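# A structural walkthrough
Chain by chain, the residues run as shown.
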Amino acid sequence: MSRKRVLITGAAGFLGSHLCDRFIKEDFHVIAMDNLITGDLRNIEHLFKLENFEFYNHDVSKFVHIPGELHYILHFASPASPIDYLKIPIQTLKVGSLGTHNLLGLAKSKNARILVASTSEVYGDPAVHPQNEEYWGNVNPVGPRGVYDEAKRFQEAITMAYHTFHQLETRIVRIFNTYGPRMRLNDGRVLPAFIGQALRGEDLTIFGDGSQTRSFCYVDDLVEGIYRLLMSDYAYPVNVGNPDEITISEFAEEIIKLTGTTQKVVYKDLPVDDPKQRQPDITLAREILKWEPKISRSEGLAITYDYFKSLSKEQLYKEAHHKDFNKYTTK
Ligand code: UDP
């Protein structure tokens, strides 16, 4: 039997590259697409030699053409960290809106099932805790995160519209904070920031007083949840994340212990509209997908630390600091 064909956008990114690995493992023909604005070919270079893998350097905000059959589309192209939206706000809006529209059109023309990557950011700075899928969110459309949050909210709306009006098979995953190997060192996210700082012998930068919370999911758990959602028949949004919630101060302590760094923590301004708390309610995923995370933070962090330790000195130093870092942290 010939292989099922899947298009993965954002394939050279952190999540996209892990999805490529998973679909190759499941014996799909993987068509990977990325415009490499925030993605990195190093994340998928091990796949180029495979006959069931191909790569297109393309921006999905422009018309997407794929020759031949297509059975599944996973839309994971988007800048995804606050520091990236600040640097490329228009592209962020376009990939979530125009890009999603193009891929929905492609799915319709190929009669393919499409899963779009949404985010806990649709809940904004949530007034409900933990967040379940019924909650509509608390989002500032004109704040620095608005370009991402509103693009993703539009993405959900247009995806549902294609489902309702064109009977397209659609899936929406709301992804909470996820970590693991291949995260970018300079994307401003807290985990690569802290581990990078520890490895370079710098102080760890806590934004605000560190009392804000996040709940971190290891990437393999996330990929399993996404795979199950794609294969399910559920068209409404589903939270996928790890409910194990922790304050950023506690998280810094864990990284200090893990890395054995003798540096201390320093405090910086809290970025504008930084959510105070975040924890997924995964009751729905447990019920529908029979899924829950399996990998504890200590296990996941150990694997992730090994990855960051394996980077070259050049990567660790040259790619470490984002030039917009100060703009992002100062109100
Ligand atoms: N954060 C921090 N120090 C850093 C980078 C981030 O204290 O060097 C904080 C940030 O303000 C936020 C949390 O860590 O409260 C998670 O930030 P991240 O950018 O990883 O994800 P998001 O805010 O999108 O959940």
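Residues numbered from 1 in each chain as written. Predicted model: local features only at pLDDT ≥ 70, side-chain atom pairs only at ≥ 80, totals over all residues. Heavy atoms only, no water.

### With respect to the pairing of strand 6 (residues 170-175)
Heads up, the condition is: Working definition: with a 1.4 Å probe on protein chains only, accessible area under 20% of the residue-type maximum means buried, over 50% means exposed, and in between means partly exposed. Strands are runs of DSSP state E lasting at least two residues, helices are runs of H or I lasting at least four, and both sets are numbered from the N terminus onward. Strand pairing is assigned whenever DSSP detects at least two bridges linking the two strands.
Burial runs high along strand 6: six of the six residues are buried. The side-chain alternation of strand 6 yields two buried faces, one formed by Thr170, Ile172 and Arg174 and the other by Arg171, Val173 and Ile175. Summarising the sheet, strand 5 (residues 113-119) and strand 6 pair through six bridges and their orientation is parallel. Counterpart to valine 116 in the pairing with strand 6 is isoleucine 172.

### Things to note about the environment of valine 219
Quick note on the threshold: Contacts are assigned to residue pairs that have any heavy atoms within 4.5 Å of one another.
Along the polypeptide, valine 219 turns up in helix 6 (residues 219-231). Of the residues examined, valine 219 reaches a relative accessible area of 0% and is grouped as buried. When the C-alpha positions of valine 219 and leucine 41 are compared, they lie 19 Å apart, and in sequence the two are 178 residues distant. Residues contacting valine 219, with those up to four places away along its chain left out, are Phe14, Leu15, His18, Thr178, Tyr179, Gly180 and Pro181.

### Regarding the packing of helix 5 (residues 190-200) against helix 9 (residues 297-309)
We apply this condition: All axes are obtained by fitting lines to C-alpha atoms, using only the stretch in contact for helices, and the reported angles, taken between N-to-C directions, cover 0 to 180 degrees. We call two directions roughly parallel when the angle between them is under 35 degrees, roughly antiparallel when it is over 145, roughly perpendicular when it lies between 65 and 115, and oblique otherwise. In a left-handed crossing the near helix is turned counterclockwise from the far helix by less than a right angle, and in a right-handed crossing that turn is clockwise. Nonpolar residues are Ala, Val, Leu, Ile, Met, Phe, Trp, Tyr, Cys and Pro. Charged residues are Asp, Glu, Lys and Arg, and all others, Gly as well, are polar.
Direction vectors running N to C along helix 5 and helix 9 enclose 55°, while the axes themselves pass 11 Å from each other. When the interaxial angle is binned, helix 5 and helix 9 end up oblique. As helix 5 runs across helix 9, the sense of the crossing is right-handed. On the side of helix 5, the interface is formed by Leu191, Pro192, Ile195 and Leu199, while helix 9 contributes Leu301, Thr304, Tyr305, Phe308 and Lys309. Residue composition of the contact of helix 5 with helix 9, by class: seven nonpolar, one polar and one charged.

### What about the pairing of strand 8 (residues 204-207)?
On strand 8, burial covers both faces: Leu204 and Ile206 on one face and Thr205 and Phe207 on the other are all buried. Relative to strand 13 (residues 265-268), strand 8 is paired through four bridges, and the arrangement is parallel. Counterpart to phenylalanine 207 in the pairing with strand 13 is lysine 268.

### Describing the layout of surface pockets
Where empty space is left can be seen by rolling a probe of water-molecule size over the atoms. Operational definition: With a 1 Å grid spanning the protein atoms alone, the term cavity applies to any set of points in which a 1.4 Å probe fits but cannot get out, the term pocket to an open set with protein on both sides within 12 Å along at least five of seven lines, and the term lining residue to any residue with an atom within 4 Å of a point. Grid points are joined across faces, edges and corners, and a volume is the space filled by probe spheres set on the points.
A volume near 340 Å³ is recorded for the second largest pocket. Taken together, 16 residues make up the lining of the second largest pocket; nearest its centre are Glu133, Tyr135, Trp136, Arg174 and Pro237. Those elements that place two or more of their residues in the lining of the second largest pocket are helix 4 (146-166) and helix 8 (283-289). Of the residues assigned to the lining of the second largest pocket, the class counts are eight nonpolar, two polar and six charged.

### A word on the site of the ligand
The condition that has to hold: Near, as used in this document, describes a residue that has one of its heavy atoms within 4 Å of the molecule or strand being considered. Polar contact criterion, stated in full: a pair of N or O atoms within 3.5 Å, where within protein one must be able to donate a hydrogen and the other to accept it, and residues adjacent in sequence count only if both atoms are side-chain atoms. Only the protein chains shown count as cover for residues, and all accessible areas are computed by the Shrake-Rupley method using a 1.4 Å probe.
Around the ligand, the structure places 18 residues, and the nearest of them are Thr205, Phe207, Arg214, Asp274 and Arg278. Arginine 145 places a polar side-chain atom, nitrogen or oxygen, 3.0 Å from an oxygen atom of the ligand. Contact between the ligand and aspartate 274: an oxygen atom at 2.6 Å from a side-chain N or O atom of the residue. Protein chains bury 99% of the 520 Å² of accessible surface belonging to the ligand in isolation. Of all the secondary-structure elements, those providing two or more residues to the shell around the ligand are helix 5 and strand 8. Partitioning the shell around the ligand into residue classes produces eight nonpolar, four polar and six charged.

### A word on the packing of helix 5 against helix 7 (residues 248-259)
Packing of helix 5 against helix 7 brings their axes to within 10 Å, and their N-to-C directions diverge by 40°. Relative to helix 7, the element helix 5 lies oblique. The crossing of helix 5 and helix 7 is right-handed. When helix 5 is examined against helix 7, the residues Val190, Leu191, Phe194, Ile195 and Ala198 are found in contact with a partner set consisting of Ile248, Phe251, Ala252, Ile255 and Thr259. Residues belonging to the contact of helix 5 with helix 7 are distributed by class as follows: nine nonpolar, one polar and no charged.

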